[in-house]
Amino acid sequence: MKPEDYLAPYAASEARSRGRRFDEPRAKYRGEFHRDRDRIIHSTAFRRLVYKTQVFVNHEGDLYRTRLTHSLEVAQVARTVAVALRLNETLTEAICLAHDLGHTPFGHAGQDTLNACMRDYGGFEHNLQSLRVVDELEAKYADFPGLNLTFETREGILKHCSARNARALGEIGERFLKRQQPGLEAQLANVADAIAYNNHDVDDGFRAGLLSLKQLRRQPLFETQYAEVHRRYPDLEDRRLIYEIIRRMIDTVVSDLIDETQRNLDEAAPRSIDEVRSASQPLVRFSAPVFEQHVALKQFLNRHLYRHEKKLAMTKKVQAMLKKLFETYITDVEQMPLEFSSAAGRADETGRARVVADYIAGMTDRYAIAEHTRITGKA
Ligand code: MG
């Protein structure tokens, strides 16, 4: 059976792909989206995700999610939905695995600090950086910069974009100026990201002792499953109780996403990916009641986990660390490895700042800490 036979007409397919930036001969045994996924997995940026913070800084514990395990969980969630909706599973997987490649060390604290350091030089945005990694920064091929991924994978990586950046990006930025939607695989990767972190952050937050059962039970998404699990297994110990609840929460939101999106697709009946792109809103959506509960959980995690006072102390520490690195490299580019210092040496002030941002954004948590120690002599 050819892929086109099981894919829905609104799914992305190789036959309808807008292709790569630089033409390449086709592979003998792999499809184009398979090649994208493989290139992402073989990239340096992908390997670094294992030592980058999701919520907890890498050295805080061995069992917490890192950007790598987060990305794998996003891909697993999204692939299930892709198959159920007859979307392109491999493209979906490629987008999910690449979605956080541009993340700085130390998670959002790192992103915010680098953005502040880059204020006068065009700012820093991790999502845009993910595209920059696959388009420019990975140096793997003799014939072109970056990984030369297909348009569809790159479109999925670029989730949001300012009008100014969109204009500078050309074809890939067009949809932000025309207010169009991305393909369904991209829409799906975006929602799967939120499903994955909402659920694994409950697990990690509970494990860390920063979230309590009592607090979590005030969340409707959690409480519904808690009541059911507690009724069936009244004597279950906390650890297994949490897992049992989380797996049911994931099942609930994923099933809702599939059912609601199928309804939207049946109603809108797009005949092609272009009709998906010109729809007035994304078609991959939760139902209204589940969306409300999903957002409530997200806000709860934001308030009680991401801004927990124990986390804020670490946030302040890592912000000071990255700020120090930025100031050091921009005033003395020789402090960076040769490929970065020579690129910075050739550039104007704005270009130099971008080289420094690329260097810092690529660091793992522990490399940034080691560099800070080397520069300041302080651990
Ligand atoms: Mg993510």
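Now for a description of the structure that goes with this document. Going along each chain's sequence as written, the residues are numbered from 1 onward. Local features in this predicted model are restricted to residues of pLDDT 70 or higher, and side-chain atom pairs are both shown and tallied only at a pLDDT of 80 or more, whereas totals for entire chains, interfaces and linings draw on every residue. For the side-chain quantities, the full set of heavy atoms in the structure was used; hydrogens and water were omitted.

Working definition: helices are DSSP H or I runs of at least four residues, strands are E runs of at least two. Numbering for both runs from the N terminus. Multiplying 1.5 Å by the residue count of a helix minus one yields the expected span of that helix. Over its 24 residues, helix H11 (residues 184-207) runs 34 Å from end to end, which matches the ideal 34 Å to within 8%, given 1.5 Å per residue. Of the residues flanking the end of H11, it is Gly209, one or two places downstream, whose phi is positive at about 80°.

Side-chain atoms within 4.5 Å link the members of a nonpolar core, which is a set of buried Ala, Val, Leu, Ile, Met, Phe, Trp, Tyr and Cys residues. Type-normalised accessible area, obtained with a 1.4 Å probe on protein chains alone, sets the label of each residue: buried when under 20%, exposed when over 50%, and partly exposed for intermediate values. Leu101 and Phe222 are the most contacted members of the largest nonpolar core, which has 79 residues in total. Working rule for contacts: check all heavy atoms of both residues, and any pair within 4.5 Å makes them a contact. When neighbours within four sequence positions are excluded, Leu101 is seen to be in contact with Ile40, Ser43, Ala45, Phe46, Leu49, Ser130, Val133 and Val134. By size, the runner-up hydrophobic cluster in this structure holds 29 residues, among which are Phe106, Met314, Phe326 and Ala361.

Phi is positive for Arg86, close to 60°, though the residue is something other than glycine. In this structure Arg86 comes out as partly exposed when scored by relative accessible area, which is 41%.

Attention shifts here to the environment of Arg218. You can see Arg218 is positioned in the loop between helix H12 (213-216) and helix H13 (220-232). A relative accessible area of 58% places Arg218 in the exposed class. When the C-alpha positions of Arg218 and Phe300 are compared, they lie 9.5 Å apart, and in sequence the two are 82 residues distant.

So, about the coordination of the magnesium ion. Coordinating donors are taken to be N, O and S atoms lying within 2.8 Å of the metal, or within 3.2 Å when the metal is Na, K or Ca; because water is excluded from the atom set, some sites may appear incomplete. Those donors, His70 (NE2), His99 (NE2), Asp100 (OD) and Asp193 (OD), are the protein atoms that reach the magnesium ion, and they lie 2.1 to 2.6 Å from it. The sequence motif formed by the donor residues of the magnesium ion is H-x28-H-D-x92-D. Of this pair, His99 sits in the loop between helix H5 (89-98) and helix H6 (107-117) while Asp193 sits in helix H11, placing them 94 residues apart in sequence. Of the two residues, His99 and Asp193, neither departs from the other in class, the shared state being buried.

On to helix H19 (residues 349-362). End to end, H19 covers 20 Å across 14 residues, agreeing with the expected 20 Å (1.5 Å per residue, within 8%). When we look at burial in H19, the residues that qualify are Ala353, Val355, Val356, Ala357, Asp358, Tyr359, Ile360, Ala361 and Gly362. Those residues of H19 that are buried are in contact with helix H3 (44-48), H6, helix H7 (126-137), helix H17 (309-331), helix H18 (338-346) and helix H20 (365-376).

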